[in-house]
Amino acid sequence: MGLGVRWTLHGDGRTPAPGAVVKPDERLSWPRTAGLGAQHVVAMFGASFVAPVLMGLDPNLAIMMSGVATILFLLATRGRIPSYLGCSLSFVGVAAAIRAQGGGSAAVTGAILVVGGVLLLSGLAVRKFGARIIHAAMPPVVTGAVVMLIGFNLAPVTAGTYWPADQWTALLTMLVTGAAVVCLRGFWSRIAIFLGLVFGYVVSWVFDRVFGKIHSVGGSGRVTDHWRLDLSGVAKADWIGLPSLHAPSFHWSAVLVALPVVIALIAENAGHVKAVGEMIDDPLDDQLGTAIAADGAATVLSTAVGGPANTTYSENIGVMAATRVYSTAAYWAAAGFALLFGLCPKFGAVVAAVPGGVLGGITVILYGMIGLLGAQIWVHNTVDLRNPLNLVPVAAGVIIGVGGVSLKISQNFELGGIALGTIVVLLGYHVLRALAPAHLKPQEPLLDAGTSTYDSERPAQP
């Protein structure tokens, strides 16, 4: 079997024929393929640029490693699954929790590396035993709850850190970003976060010129008079150079906070593989384990040098749905562009200079959307929250995760937030299921619908 790096020309190489699609092993002309690759990079701009900034990691390294991760994924799946691996937002809450405990970037990347290793092993297990083992342990009611508490656990970060930096810029950025998500169509709707980011930059620059410095919480965490948009670092940055690297460090307290994200990543991967398989009319269930393992391996590789986790991106799946081009050649081109961006420190300095108020406006929507993906998993799988077997562990776990409830185990060890909420949902569900009467235990689906679908016609809910 080949590595999926040979493509046949589709038609005349210009555009797909009416009703046709460009399959993964086909391509358009190379100039058009390069253009599509650039479009895929832009599509993941918003979230992939915001994620490392929110986690306190180097955005240049994050973009470069997303290109490396995409290449690894395409080789591992032998070109059967067209997908881009961008920086995962699922770990933003984890990074905030670890830093609140006194951990630095090394502790953050070390914890995420362990999660990547567990994800890799989970993928290998799915390849050997099938998806049944994953969804027997993590049915939709559990995966939905964990995704929800991961997203909503971030609310205090926005309310206490980003929004107060510049409330009026945050408000305007939130309104424009929300309008872009709802009102724009096609490709533009896929880069709504990026457009909101650009708008916030411009507003911050204008406010600096009109109103002068702002008296608020700055990047140092102290209340000072400072410019909203500080581009001094951009002028000092080189045009070409390697991003900053660092080795991970491992701490049990940080690892336990991060481990629950494995559940969210498995659900996310399952949904994306299912969506792509439906769009290209090629069932990819046999590739689910490989995709999960490749995602885990890419995360291990990225965090080993100080980068963030990487995962498949729904934004890029949306671009494929809009263009009807599923060629993996376009993703090779996208990976090449990402590598070039990563080698430009000046570009990373622009990303790192995102004003706090802009992040406040974007994260209000972004964090809420992450949390509501959990509800989307419930809806897609018709989870019945009237059933106390589902309701009780979910209710307790979500409140613990969102509210930051903690449980002190010993003088030096404490469980709380995301970690404790996940344990309560996961163990609570299975323990209660073992004790519950038969009429409360309906048959669970073997593979949930994940977090994304791009079907043109969605089946009616029963």
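Residues numbered from 1 in each chain as written. Predicted model: local features only at pLDDT ≥ 70, side-chain atom pairs only at ≥ 80, totals over all residues. Heavy atoms only, no water.

Description of the overall build of the chain
Stage number 1. Counting its secondary structure elements, the chain contains 21 helices and eight strands.
Stage number 2. Here the chain holds 462 residues, and 52% of them are scored as buried.
Stage number 3. Pairs at least 24 apart in sequence give 80% of the contacts found in the chain among residues at least 6 apart. (Helix = DSSP H or I, 4+ residues; strand = E, 2+ residues; numbered from the N terminus. Buried < 20%, exposed > 50% of the residue type's maximum accessible area, 1.4 Å probe, protein only. Contact = heavy atoms within 4.5 Å.)

Details of the packing of aromatic side chains
Stage number 1. Summed over all chains, the structure comprises two aromatic pairs.
Stage number 2. With 6.0 Å between their ring centres and 85° between their planes, tryptophan 7 and tryptophan 30 make a pair best called edge-to-face. Of this pair, tryptophan 7 sits in the segment before strand E1 (8-9) while tryptophan 30 sits in helix H1 (residues 30-43), placing them 23 residues apart in sequence.
Stage number 3. With relative accessibility at 19%, the residue tryptophan 7 sits in the buried group.
Stage number 4. Ring centres of phenylalanine 207 and phenylalanine 211 lie 5.4 Å apart, and the angle between their planes is 75°; this geometry places the pair in the edge-to-face category. Residue phenylalanine 207 and its partner phenylalanine 211 are located together in helix H11 (residues 192-211), separated by four residues, close to a single helical turn.
Stage number 5. For phenylalanine 207, a relative accessible area of 17% gives the class buried.
Stage number 6. You can call phenylalanine 211 exposed: its relative accessible area is 58%. (Phe/Tyr/Trp six-rings, centres within 6.5 Å; stacked < 30°, edge-to-face > 60°.)

Considering a nonpolar patch on the surface
Stage number 1. Side chains of Val198, Val202, Trp205, Val206, Val210 and Phe211 sit close together on the surface and give an oily, nonpolar patch of about 570 Å² of accessible area.
Stage number 2. Examined against the element boundaries, valine 198 turns out to sit in helix H11.
Stage number 3. On the accessibility criterion, valine 198 (38% relative accessible area) is partly exposed. (Patch = residues over 30% accessible without salt bridge, like charges linked within 9 Å, V, L, I, M, F, W, Y side chains within 5 Å. Areas by Shrake-Rupley, 256 points an atom, 1.4 Å probe, with all protein chains shown as cover. Salt bridge = Lys/Arg side-chain N within 4 Å of Asp/Glu carboxyl O.)

Topic: unusual backbone geometry
Excluding glycine, residues mostly have negative phi values, and the peptide bonds linking residues are mostly trans.
Stage number 1. The backbone of arginine 78 sits at a positive phi, close to 55°, despite the residue not being glycine.
Stage number 2. In this structure, arginine 78 sits in the loop between helix H3 (59-76) and strand E3 (85-87).
Stage number 3. With a relative accessible area of 35%, arginine 78 lands in the partly exposed category.
Stage number 4. Unlike most non-glycine residues, threonine 382 shows phi in positive territory, near 45°.

Considerations on the nonpolar core
Across soluble globular proteins, nonpolar side chains have a tendency to be buried as a group.
Stage number 1. Formed by 96 residues in total, the largest nonpolar core has its most connected members in Met55, Phe91, Val94 and Tyr367.
Stage number 2. Looking at which element gives the most residues to this core, the answer is helix H14 (residues 261-279), with 11 residues.
Stage number 3. The contacts of tyrosine 367, once residues within four sequence positions are left out, are Leu54, Val92, Gly151, Phe152, Leu154, Val157, Thr158 and Tyr162.
Stage number 4. In this structure, Val22, Leu36, Val325 and Ala330 belong to the second largest nonpolar core, which totals five residues. (Core = buried A, V, L, I, M, F, W, Y, C linked by side-chain atoms within 4.5 Å.)

Section: the confidence of the model for the chain
Stage number 1. When pLDDT is averaged across the chain, the result is 81; 90% of the residues are at 70 or more.
Stage number 2. Under a pLDDT of 50 for its full length, residues 446-462 has, in the predicted model, 51 contacts with residues more than four places off or in other chains. (pLDDT = per-residue confidence, 0-100.)

Focus on the packing of helix H7 (residues 140-152) against helix H21 (residues 417-435)
Stage number 1. Two numbers describe how H7 lies on H21: the axes approach to 10 Å, and their chain directions differ by 165°. By the criterion of interaxial angle, the relationship of H7 to H21 is roughly antiparallel. Our pair here, H7 against H21, has a crossing hand that is right-handed. On H21, the residues touching Val141, Val142, Ala145, Val146, Leu149 and Ile150 of H7 are Ile418, Gly421, Thr422, Val425, Leu426 and Tyr429.
Stage number 2. Per-class residue counts for the contact of H7 with H21 are 10 nonpolar, two polar and no charged. (Axes fitted to C-alpha atoms, helices over the stretch in contact; angles between N-to-C directions. Parallel < 35°, antiparallel > 145°, perpendicular 65-115°, else oblique. Left-handed = near helix turned anticlockwise from the far one by under 90°. Nonpolar A, V, L, I, M, F, W, Y, C, P; charged D, E, K, R; others polar.)

Some details on the pattern of salt bridges
Stage number 1. Taken as a whole and judged by the stated rule, the model has four salt bridges.
Stage number 2. Notably, a salt bridge pairs arginine 386 with aspartate 384, separated by 3.1 Å at the nearest N-O pair.
Stage number 3. Judged by relative accessible area, arginine 386 falls into the exposed class, the value being 74%.
Stage number 4. What makes aspartate 384 partly exposed here is its relative accessible area of 31%.
Stage number 5. Shared partners join several salt bridges into a network, and the residues in it are Asp166, Asp208 and Arg228.

Describing the side chain of glutamate 26
Stage number 1. Examined against the element boundaries, glutamate 26 turns out to sit in strand E2 (residues 26-27).
Stage number 2. Here glutamate 26 is buried and forms no salt bridge, its nearest opposite-charge partner lysine 23 lying at an N-O distance of 5.9 Å.
Stage number 3. At 3.0 Å, the side chain of glutamate 26 forms a polar contact with the side chain of histidine 10.
Stage number 4. Those residues in contact with glutamate 26, other than ones at most four positions away along the chain, are Trp7, Thr8, His10, Val21 and Ser327. (Lys, Arg positive; Asp, Glu negative; His and termini not counted. Polar contact = N/O pair within 3.5 Å; in protein donor to acceptor, adjacent residues only side chain to side chain.)

Focus on the side chain of threonine 299
Stage number 1. Tracing the sequence through the fold places threonine 299 in helix H15 (residues 288-304).
Stage number 2. We classify threonine 299 as buried; its relative accessible area is 2%.
Stage number 3. Those residues within four positions of threonine 299 in sequence are excluded, and the remaining contacts are Ile112, Gly116, Ala309 and Asn310.

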